[in-house]
Amino acid sequence: MTDIPAPAPAAEFWEARYRDSHRVWSGRPNELLVEEADGLAPGTALDLGCGEGADAVWLASRGWRVTGVDVSATALERAAGHAAEAGVGDRVAWERHELGPSFPAGSFDLVSAHYLQSPVELDLPTVLRAAARAVAPGGTLLLVLHAGWPSWQTEPPFDAVFPTLDGVLGELALPEGEWSVETRRTARRPSVSPDGVEGFREDHVWRLRRA
Ligand SMILES: C[S@@+](CC[C@H](N)C(=O)[O-])C[C@H]1O[C@@H](n2cnc3c(N)ncnc32)[C@H](O)[C@@H]1O
């Protein structure tokens, strides 16, 4: 009898999360992507943890050729559907990877990862270093991560260690003199709880340019 490897916890968790709900995310591109990538000349882009594809579709509609990557096959199927609906299906390729153990091949003018955060195993430092290596000369690495829970969240739903601005730069371990930091900031945006409590959430943003 052949041994069939057990599905990785990340794949199991995220596949169940997407299957449990008709739509998990809003379908709109992340505001911080729009702010940070709007001025970039289109080329090739890699979206890590692309979910249902709203960022990839937005980039493709701005002229980028995009590769969207996620661990969930269901998320990628939905993303492909949204790209087709938006008329950019031929500008986006979708690849399923468990980032950490696996990473897409190639180099890209923009490597973007928004909220690549998970309650299950994810070796973020390894993924971020691979993301930096995948940036083509002259290209951009754009990272956005939640800096903490929303202000209205009195009881965290799970234990999480949130990143710091300097911590992520340290983990990236970028070769000296090869990168410039164009954005390093914390953005605060309004956030409303499921039962209507108004508050805010903070995200860290890094935009780095490779020489
Ligand atoms: C918080 S969601 C963010 C989705 C999307 N980037 C957005 O901003 O709406 C995190 C995404 O990362 C994916 N993900 C988590 N761990 C992963 C891993 N190890 N490899 C690939 N994708 C992963 C999840 O399936 C999910 O779609």
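Quick notes on the rules
- Residues numbered from 1 in each chain as written.
- Predicted model: local features only at pLDDT ≥ 70, side-chain atom pairs only at ≥ 80, totals over all residues.
- Heavy atoms only, no water.
- Helix = DSSP H or I, 4+ residues; strand = E, 2+ residues; numbered from the N terminus.
- Rg over C-alpha atoms; globule rule 2.2 N^0.38 Å.
- Contact = heavy atoms within 4.5 Å.
- Lys, Arg positive; Asp, Glu negative; His and termini not counted.
- Charge placed at Lys NZ, Arg CZ, Asp CG, Glu CD.
- Phe/Tyr/Trp six-rings, centres within 6.5 Å; stacked < 30°, edge-to-face > 60°.
- Buried < 20%, exposed > 50% of the residue type's maximum accessible area, 1.4 Å probe, protein only.
- Near = heavy atom within 4 Å.
- Polar contact = N/O pair within 3.5 Å; in protein donor to acceptor, adjacent residues only side chain to side chain.
- Areas by Shrake-Rupley, 256 points an atom, 1.4 Å probe, with all protein chains shown as cover.
- Salt bridge = Lys/Arg side-chain N within 4 Å of Asp/Glu carboxyl O.
- Pairing = 2+ DSSP bridges.
- Right-handed = clockwise from strand over helix to strand, strands pointing away.
- Axes fitted to C-alpha atoms, helices over the stretch in contact; angles between N-to-C directions.

- An unreviewed UniProt entry annotates the protein as Class I SAM-dependent methyltransferase originating from Streptomyces violaceorubidus.

## So, the overall build of the protein
For step 1, the next point in the chain: Secondary structure summary: the protein contains six helices and seven strands in total.
For step 2, the next point in the chain: What you see in the protein, going N to C, is helices and strands ordered as α-α-β-α-β-α-β-β-α-β-α-β-β.
For step 3, the next point in the chain: Taken over the C-alpha trace, the protein has a radius of gyration of 17 Å; the compact-globule value for 211 residues is 17 Å, and the two agree within 12%.
For step 4, the next point in the chain: Structurally, the protein occupies a C-alpha span of about 45 × 45 × 40 Å along its principal axes.
For step 5, the next point in the chain: Sequence-distant contacts in the protein: of pairs separated by 6 or more residues, those separated by 24 or more amount to 71%.
For step 6, the next point in the chain: Of the charged side chains in the protein, 19 are positive and 31 negative; the average position of the first set lies 5 Å away from that of the second.

## Some details on the packing of aromatic side chains
For step 1, the next point in the chain: Enumeration according to the criterion identifies four aromatic pairs in this entry.
For step 2, the next point in the chain: Ring geometry for Phe13 versus Trp14: centroids 5.2 Å apart, planes at 85°, classification edge-to-face.
For step 3, the next point in the chain: For Phe13, a relative accessible area of 29% gives the class partly exposed.
For step 4, the next point in the chain: Note on Trp14: relative accessible area 14%, which makes it buried.
For step 5, the next point in the chain: Aromatic side chains Trp149 and Phe158 sit 5.1 Å apart centroid to centroid with 80° between the ring planes, which places their arrangement in the edge-to-face category.

## Here we look at the site of the ligand
For step 1, the next point in the chain: Around the ligand, 16 residues are found, and the nearest of them are Tyr18, Asn30, Gly49, Asp70 and Leu99.
For step 2, the next point in the chain: Taking Asn30, its side chain carries an N or O atom lying 2.8 Å from an oxygen atom of the ligand.
For step 3, the next point in the chain: Between a nitrogen atom of the ligand and a main-chain N or O atom of Leu99, the distance comes to 2.8 Å.
For step 4, the next point in the chain: Contact with the protein chains removes 93% of the 590 Å² of surface that the ligand exposes when unbound.

## Here we look at the pattern of salt bridges
For step 1, the next point in the chain: The tally for this structure, following the rule as stated, stands at 12 salt bridges.
For step 2, the next point in the chain: Across the salt bridge formed by Arg207 and Glu36, the nearest N and O atoms sit 2.9 Å from each other. Taken together, the residues Arg207 in strand E7 (residues 198-210) and Glu36 in helix H2 (residues 31-37) connect sequence positions 171 residues apart.
For step 3, the next point in the chain: Residue Glu36 is classed as buried on the basis of its relative accessible area, which comes to 6%.
For step 4, the next point in the chain: Residues Arg210 and Glu178 are paired through a salt bridge, measuring 2.7 Å at the closest nitrogen-oxygen approach. Of this pair, Arg210 sits in strand E7 while Glu178 sits in the loop between helix H6 (165-172) and strand E6 (179-192), placing them 32 residues apart in sequence.
For step 5, the next point in the chain: Here Arg210 falls in the buried class, since its relative accessible area comes to 19%.
For step 6, the next point in the chain: If you follow the salt bridges from partner to partner, you end up with Glu35, Glu36, Glu182, Arg185, Arg207 and Arg209 in one network.

## A word on helix H3 (residues 54-61)
For step 1, the next point in the chain: Counting buried positions over the eight residues of H3 gives seven, a clear majority of the element.
For step 2, the next point in the chain: By the burial criterion, the buried members of H3 are Ala54, Asp55, Ala56, Val57, Trp58, Leu59 and Ala60.

## A look at the pairing of strand E2 (residues 65-70)
For step 1, the next point in the chain: Taken across its six residues, E2 has five buried, putting it largely inside the fold.
For step 2, the next point in the chain: Sheet topology places strand E1 (residues 44-48) next to E2; five bridges connect them, and they run parallel. If you follow Leu48 over to E2, its bridge partner there is Val69.
For step 3, the next point in the chain: The parallel pair E1 and E2 is bridged by H3, and the resulting crossover is right-handed.

## What to know about the sheet that holds strand E4 (residues 108-114)
For step 1, the next point in the chain: The seven strands lie next to each other as E3-E2-E1-E4-E5-E7-E6, forming an open sheet whose pairing is mixed. Looking at which strands have only one partner, the edges of the open sheet turn out to be strand E3 (92-96) and E6. Strand after strand, the sheet turns through a mean of 15° between neighbouring axes, direction not considered.
For step 2, the next point in the chain: In this sheet, strand E5 (residues 135-146) lies alongside E4 in parallel orientation, the contact comprising six bridges. Residue pairing in the sheet places Ser112 in a bridge with Leu142 of E5.
For step 3, the next point in the chain: Across the face of the sheet, helix H5 (residues 124-133) comes into contact with E1, E4, E5, E6 and E7 while running at roughly 150° to E5.
For step 4, the next point in the chain: Lying over the sheet, H6 contacts E5, E6 and E7, oriented at roughly 30° with respect to E7.

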